[in-house]
Amino acid sequence: MQPSGRPALADLSALPPARLAALLEEEKSRWLTLFHWDFSPLAELILRYAAMGTLDGFALLDGDTLAGYTYFVAENDKGLVGDLFVRDAWRSPANESLLLGAVIDRLRSMRWLRRAEAQLMHLAARGAALSLPGTRPAAHARQFMLARLERIPEPASVAADLHFERWSAYWLDAAARLIAEAYDGHIDSAINNQYKTAASARRFLDNIVRYPGCGYFAPDCSWVAVDRDGGVVGACFASRIAPLTGHIAQICAAPAFQGRGAGAELLRRSLASLQTSGAAEASLTVTSSNTHAIRLYERFAFRSIHQFDALVWDPL
């Protein structure tokens, strides 16, 4: 199938879900090939919203052919571009910009929104290759890293006043406060403003635990570090993104405990737990400027296999 002309935009909510289903099959294949990620659970969720007519976004049409799509969600004063995918034959900076620009225009028309974020793994265009309306977004380079779980390092040297517990919902509020503390002033809180307060960090954790955006949450492979007073000073959240692949969705340590082995031991325990549960590999994402974290991940045999941008419009 080849492009036949200049693609046009249509409202995604007016598209029959059956047409979107065929496109999602190609997207699932790309996710699995590039990232070893089974996109099926999220594709099913997208189709469910499409069937209800509540999937907000745009379709890229070339005649009768659905060549790509993007959707967004709005929460409080922020818009989030949930996904953008263009089929291989139509994949170009012009077509990607057409879709993304339409979403940003729509979000700008919603006057109560002040900010927009996008982390689009399949967006091939980067930097000046994107042609978008209005103010250009801040672009933060990020990496998708993958490691084979063949030889898990020995336990790290950890401060004596720490012990480690498997994840329980009991720790949810404490972990949310930890994220807000750990990311205070960190570049990642500029990329995802849910890290800025304990209340918004709790919503972030709810999404990890309840929804398949980062895979199926794996409480048996997720850990917290606890100090002598019973406070949570570190956490590592793991999920399963394919039968043989795990994913580290979040890892952080309180500033006072950074450099004391908490992060390394949390990561080691999550990777060992994933391996024990049958995973052969694990992935994670990291901001490229976070060289300290990258050095830690490389100690555990993680290697960058894909680079992408986190885009932020603030103000929108």
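Scroll up to find the structure this text is about.
Peer 1: Run through the overall build of the chain, naming residues and quoting values.
Peer 2: Along the backbone of the chain there are 8 helices and 13 strands. Against the 2.2 N^0.38 benchmark of 20 Å for 316 residues, the chain shows a C-alpha radius of gyration of 20 Å, consistent with a compact globule. Seen through its C-alpha atoms, the chain measures out along the principal axes to roughly 65 × 40 × 35 Å. Counting the 316 residues in the chain, one finds 53% classified as buried. Long-range pairs, those at least 24 residues apart, make up 74% of the contacts in the chain between residues at least 6 apart in sequence.

Peer 1: Give a detailed account of the pairing of strand E13 (residues 303-313), specifying residues and quantitative values.
Peer 2: As paired strands, strand E5 (residues 115-119) and E13 are joined by 4 bridges and run antiparallel to one another. Of the residues in E13, the one forming a bridge with glutamine 119 is alanine 310. Bridging between strand E6 (residues 138-148) and E13 involves 9 bridges; their strand directions are antiparallel. Across the sheet, arginine 142 pairs through a bridge with phenylalanine 308, a residue of E13.

Peer 1: If you had to explain the nonpolar core to someone new, which residues and values would you point to?
Peer 2: Across soluble globular proteins, nonpolar side chains have a tendency to be buried as a group. Counting 56 residues, the largest nonpolar core has Leu205, Ile248, Leu271, Leu274, Tyr297 and Phe302 as its most contacted members. It is helix H4 (residues 172-182) that contributes the most residues to this core, 7 residues altogether. For phenylalanine 302, the residues in contact, after removing those within four places along its chain, are Met145, Leu146, Ala147, Leu271, Ala282, Ser283, Leu284 and Tyr297. Membership of the second largest hydrophobic core comes to 26 residues, among which are Leu60, Ala67, Val103 and Trp313.

Peer 1: Can you lay out the pairing of strand E12 (residues 281-287) for me, pointing to particular residues and giving the numbers?
Peer 2: The buried fraction of E12 amounts to 6 of the 7 residues, a majority that puts the element mostly inside the structure. In terms of strand pairing, E6 meets E12 through 7 bridges, oriented antiparallel. Looking at the pairing, glutamine 143 lines up with valine 286 of E12. Sheet topology note: the strand E11 (residues 245-253)/E12 ladder contains 3 bridges and is parallel. Bridge pairing links histidine 247 to serine 283 in E12.

Peer 1: Could you give an account of the state of the cysteines, naming the residues involved and the relevant values?
Peer 2: As enumerated under the stated definition, the model contains 0 disulfides in all. Cysteine 221 takes part in no disulfide bond, and the closest cysteine sulfur to it belongs to cysteine 236, at a distance of 9.8 Å. On the basis of relative accessibility, which here comes to 0%, the residue cysteine 221 falls in the buried class. Just so you know, cysteine 236 is unpaired, no disulfide at all, and the nearest cysteine sulfur is the one on cysteine 252, 9.0 Å from it. Under the relative-accessibility criterion, cysteine 236 is labelled buried at 0%.

Peer 1: Report on the packing of aromatic side chains, specifying residues and quantitative values.
Peer 2: Following the criterion strictly, the structure yields 13 aromatic pairs and no others. Centre to centre, the rings of tryptophan 31 and phenylalanine 39 are 5.2 Å apart; their planes meet at 5°, and the pair counts as stacked. For tryptophan 31, a relative accessible area of 9% gives the class buried. An aromatic cluster is built from Trp31, Phe35, Trp37, Phe39 and Phe144, whose rings are joined through pairwise contacts. When the ring centre of tryptophan 223 is taken as origin, the NZ or CZ atom of arginine 269, which lies over that ring, is 4.9 Å away.

Peer 1: I'd like a description of the environment of glutamate 265, backed by residues and values.
Peer 2: Along the chain, the position of glutamate 265 falls in helix H7 (residues 262-276). Overall, glutamate 265 belongs to the buried group, its relative accessible area being 3%. For the pair glutamate 265 and histidine 36, spaced 229 residues apart in sequence, the C-alpha to C-alpha distance is 25 Å. Excluding its chain neighbours within four sequence positions, the residues that come into contact with glutamate 265 are Pro155, Ala156, Val158 and Phe164. Reaching out from glutamate 265, the side chain makes a polar contact with the side chain of arginine 268 at a distance of 2.8 Å.

Here is what the cut-offs are and how they apply
Residues numbered from 1 in each chain as written. Predicted model: local features only at pLDDT ≥ 70, side-chain atom pairs only at ≥ 80, totals over all residues. Heavy atoms only, no water. Helix = DSSP H or I, 4+ residues; strand = E, 2+ residues; numbered from the N terminus. Rg over C-alpha atoms; globule rule 2.2 N^0.38 Å. Buried < 20%, exposed > 50% of the residue type's maximum accessible area, 1.4 Å probe, protein only. Contact = heavy atoms within 4.5 Å. Pairing = 2+ DSSP bridges. Core = buried A, V, L, I, M, F, W, Y, C linked by side-chain atoms within 4.5 Å. Disulfide = S-S within 2.5 Å. Phe/Tyr/Trp six-rings, centres within 6.5 Å; stacked < 30°, edge-to-face > 60°. Lys NZ or Arg CZ within 6 Å of the ring centre and 35° of its normal. Polar contact = N/O pair within 3.5 Å; in protein donor to acceptor, adjacent residues only side chain to side chain.

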